[in-house]
Amino acid sequence: NGQIQYDLIFKNDKPEGQYKEYLENGTLIADGTMHEWKFSGMRKIYNEYDSTITAIYNFKEDLFHGHIVIFDKNGSIKKEGDFTEGTGQLITKDSLGRILCIEPYINNNQENGNEIHYTYNARINSLMSCSRCLLERYYRNSIIATKNFI
């Protein structure tokens, strides 16, 4: 339709510096910095309907590095966390600041860690081990059910 999808600067046939990504209708949906086909520095993701920021990621050679924030549809922080070269965790909190979920990542991959969900009284409600597809549910500090999904 004649709209620009990507706006990149190339050096020696590889992206270098600022880039922007657009939808077919011309709406900006992402911007950031690339170095030799890898994300580097801050990358922002925008809502396609109202252009509000939905996420801010920081990268180092294509790995999460630094602070990451993911926003809900109202602009409040939904998840956030700190990473070092792809390893870290995203924490989800409710409106009162209580932790609801911790999602660990290794090499930008959540499958290498256990996702922990909490009840409102800060007790572990469930533990999801993505690498072994094991789900354990806890109630009042004792396991009441364990189920393998293999």
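Residues numbered from 1 in each chain as written. Predicted model: local features only at pLDDT ≥ 70, side-chain atom pairs only at ≥ 80, totals over all residues. Heavy atoms only, no water.

### A word on the overall build of the chain
1) Next: Along the chain, the regular secondary structure elements total 0 helices and 15 strands.
2) Next: In the chain, buried positions account for 29% of the 150 residues.
3) Next: Once local pairs closer than 6 in sequence are excluded, the contacts in the chain between residues at least 24 apart make up 6%.
4) Next: Taken as a whole, the chain presents about 9900 Å² of accessible surface, with 49% of it coming from carbon and sulfur. (Helix = DSSP H or I, 4+ residues; strand = E, 2+ residues; numbered from the N terminus. Buried < 20%, exposed > 50% of the residue type's maximum accessible area, 1.4 Å probe, protein only. Contact = heavy atoms within 4.5 Å. Areas by Shrake-Rupley, 256 points an atom, 1.4 Å probe, with all protein chains shown as cover.)

### Focus on the pattern of salt bridges
1) Next: The tally for this structure, following the rule as stated, stands at 3 salt bridges.
2) Next: Measuring nitrogen to oxygen at the nearest pair gives 3.6 Å for the salt bridge that ties Glu21 to Arg43. On the criterion of sequence distance, the pair formed by Glu21 in strand E2 (residues 14-22) and Arg43 in strand E5 (residues 41-46) is long-range, its members being 22 residues apart.
3) Next: The partner of Glu103 in a salt bridge is Lys79, and the shortest N-O contact between them spans 2.8 Å. Of this pair, Glu103 sits in strand E11 (residues 99-105) while Lys79 is found in strand E9 (residues 77-84), placing the two residues 24 residues apart along the sequence. (Salt bridge = Lys/Arg side-chain N within 4 Å of Asp/Glu carboxyl O.)

### A few points about the side chain of Asn58
1) Next: Relative to the helices and strands, Asn58 is located in strand E6 (residues 53-60).
2) Next: Classification of Asn58 by relative accessible area gives buried; the value is 18%.
3) Next: A distance of 2.6 Å separates a polar side-chain atom of Asn58 from the backbone oxygen of His67.
4) Next: If near-sequence neighbours (up to four positions away) are discounted, Asn58 is found in contact with Gly41, Met42, Leu63, Phe64, His65, Gly66, His67 and Ile68. (Polar contact = N/O pair within 3.5 Å; in protein donor to acceptor, adjacent residues only side chain to side chain.)

### Examining the environment of Ser40
1) Next: Along the chain, Ser40 turns up in the loop between strand E4 (38-39) and E5.
2) Next: Take Ser40: its relative accessible area is 28%, and that puts it in the partly exposed class.
3) Next: For Ser40 and Lys60, which are 20 residues apart along the polypeptide, the C-alpha to C-alpha distance reads 4.9 Å.
4) Next: Apart from the residues within four sequence positions on either side, Ser40 is in contact with Thr33, Met34, His35 and Phe59.

### Things to note about the packing of aromatic side chains
1) Next: Across all of its chains, the model carries 9 aromatic pairs by this definition.
2) Next: Three or more aromatic residues joined by ring pairs form one cluster here, namely Tyr19, Phe39, Tyr57, Phe59, Phe64, Phe83 and Tyr105. (Phe/Tyr/Trp six-rings, centres within 6.5 Å; stacked < 30°, edge-to-face > 60°.)

### Points about the nonpolar core
1) Next: Counting residues in hydrophobic clusters, the biggest one holds 13 residues, and the most contacted among them are Tyr57, Phe64, Ile68, Ile70, Phe83 and Leu90.
2) Next: Those elements that place two or more of their residues in this core are strand E3 (28-35), E6 and strand E8 (66-71).
3) Next: Among the elements that line this core, the one with the most residues is E6, at 3 residues.
4) Next: The residues touching Ile70, leaving out its near neighbours within four places in the chain, are Thr54, Ala55, Tyr57, Ser76, Ile77, Lys78, Lys79 and Leu90. (Core = buried A, V, L, I, M, F, W, Y, C linked by side-chain atoms within 4.5 Å.)

### Section: the side chain of Thr92
1) Next: Along the polypeptide, Thr92 turns up in strand E10 (residues 87-93).
2) Next: When its relative accessible area of 14% is taken as the criterion, Thr92 is described as buried.
3) Next: In this view, Thr92 contacts Lys78, Lys79, Arg98, Ile99, Leu100, Cys101 and Glu103; residues no more than four positions away in its chain are not counted.

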